[in-house]
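Given next are the chains, with one letter for each unit.
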Amino acid sequence: MPELPDIYILAKSMNEALKDKVIVGAHVNQPKCLNISAKKFKDSIKGRRIEDVNQRGKWVIVSLDSDYTLVLNLGMGGEVRLHNQNEKPNPERERIVLNLNTGEQVWIHHWWFGHVHLFNSKDITKHKQISKLGPEPLSDSFTVEKFTELLKGKRGRIKSYLLDQSFIAGIGNVYIQDTLWYARIHPNRRANTLTDKEIKSLYDAIQRVLKQGIRYGGGPGEQDIWGNQGTYSKHLQVGYRTGKPCPRCKTTIEELRVGSTTSYICSKCQV
Ligand SMILES: [Zn+2]
């Protein structure tokens with residue numbers, strides 16, 4: 001499932017490939033991923049110029065002219081890809097196809113669940129999921145003071161808060177692994193037991209790992225609009241490396257279940 005760095009890379013590539021192009025038509029092969037009827041979607045999106053594309057949490061935000069916003073959530077195994085005029089989408093695979101004035105097409109595929117929502121830009125504050133997103137961890141307003149404030153009085157496991165999109169946006173089960181390892185914190189630690197020094201280490205690790213993900217073009221199996229694969233997985237320290245030595249102390253990396261997710265940890269480094 002794509003996380004912040006993956007969506008950042010995708011949105012950036014979409015901005016580069018699609019900015020100022022006009023959507024001249026759309027095909028809807030999976031009406032249930034829309035927030036409005038297929039007819040209304042097709043009528044409203046036709047003729048809209050793409051102004052810019054950004055990332056917010058695990059969402060792609062496409063600003064269109066005439067005060068429309070299109071938001072995409074790829075769920076699991078989703079893709080957004082640019083194709084030539086003469087390529088034919090498989091209607092069972094490509095849930096939504098957007099046709100551009102250049103003749104190109106944007107194919108939106110979801111393997112599991114995914115969302116394609118179109119609405120008036122002013123209604124973004126009413127969007128059921130986006131309006132509830134927590135702070136954007138790479139934004140200037142997300143400071144260590146803010147992070148400390150958020151953690152105050154939180155008695156649950158630190159990992160659960162970091163994965164909670166309403167607590168902090170964009171982190172998922174891939175990037176969290178090395179984040180906790182760099183910070184030397186066990187995923188089961190109760191948030192209210194973290195010292196100020198540990199909170200600062202965790203804050204720094206969040207910044208470091210998300211920026212690394214972006215630098216390497218995204219995580220395992222994630223692609224930009226042209227299909228370029230991310231290589232972040234080659235740089236994982238403990239994540240998905242069960243049985244291998246910890247790069248810091250050589251202890252064997254273990255896999256453990258925390259809640260409904262798997263964690264990869266060094267039991268010596270992470271306490
Ligand atoms: Zn270690």
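Description of the structure in this document. Treat the numbers as computed from the prediction; the structure is a model and nothing was measured.

### Quick notes on the environment of Glu51
Piece 1. By the element assignment, Glu51 lies in strand β2 (residues 50-56).
Piece 2. Taking the C-alpha atoms as reference points, Glu51 and Val62, separated by eleven residues in sequence, lie 7.5 Å from one another.
Piece 3. Apart from residues no more than four positions distant in its own chain, Glu51 is found in contact with Asn15, Lys19, Ser63, Leu64 and Asp65.
Piece 4. At 3.4 Å, the side chain of Glu51 and the side chain of Arg49 are in polar contact.

### A short note on the coordination of the zinc ion
Piece 1. Within the protein, the zinc ion binds to Cys246 (SG), Cys249 (SG), Cys266 (SG) and Cys269 (SG); these donor distances fall in the range 2.2 to 2.3 Å.
Piece 2. Between the four donor atoms coordinating the zinc ion, the angles at the centre fall across 99 to 112°, so the site counts as tetrahedral.
Piece 3. Written as a sequence motif, the donor arrangement for the zinc ion is C-x2-C-x16-C-x2-C. With Cys249 in the loop between α6 (196-215) and β9 (254-258) and Cys266 in the segment after β10 (261-265), the pair connects residues that are 17 residues apart, well separated along the chain.

### Considering the side chain of Glu136
Piece 1. For Glu136, the location among the structural elements is in the loop between β8 (115-120) and α3 (144-151).
Piece 2. What makes Glu136 buried here is its relative accessible area of 14%.
Piece 3. At 2.6 Å, the side chain of Glu136 and the side chain of Arg56 are in polar contact.
Piece 4. One polar contact links the side chain of Glu136 to the main-chain amide nitrogen of Gly57, over a distance of 3.0 Å.
Piece 5. For Glu136, the contacting residues outside a window of four places in its chain are Leu4, Gln55, Arg56, Gly57, Phe142 and Ala169.

### Some points on helix α5 (residues 175-182)
Piece 1. With respect to burial, α5 is a largely interior element, eight of its eight residues being buried.
Piece 2. If you check which residues of α5 are buried, you get Tyr175, Ile176, Gln177, Asp178, Thr179, Leu180, Trp181 and Tyr182.
Piece 3. Residues of α5 that are buried in the fold lie against α1 (4-18), α4 (158-163), α6 and β10.
Piece 4. Downstream of α5 by a residue or two, Arg184 has a phi angle that is positive, lying close to 60°.

About the thresholds
Residues numbered from 1 in each chain as written. Predicted model: local features only at pLDDT ≥ 70, side-chain atom pairs only at ≥ 80, totals over all residues. Heavy atoms only, no water. Helix = DSSP H or I, 4+ residues; strand = E, 2+ residues; numbered from the N terminus. Contact = heavy atoms within 4.5 Å. Polar contact = N/O pair within 3.5 Å; in protein donor to acceptor, adjacent residues only side chain to side chain. Donors = N, O, S within 2.8 Å, 3.2 Å for Na, K, Ca; no water. Tetrahedral: all angles 85-135°; square planar, octahedral: opposite > 155°, others 65-115°. Buried < 20%, exposed > 50% of the residue type's maximum accessible area, 1.4 Å probe, protein only.

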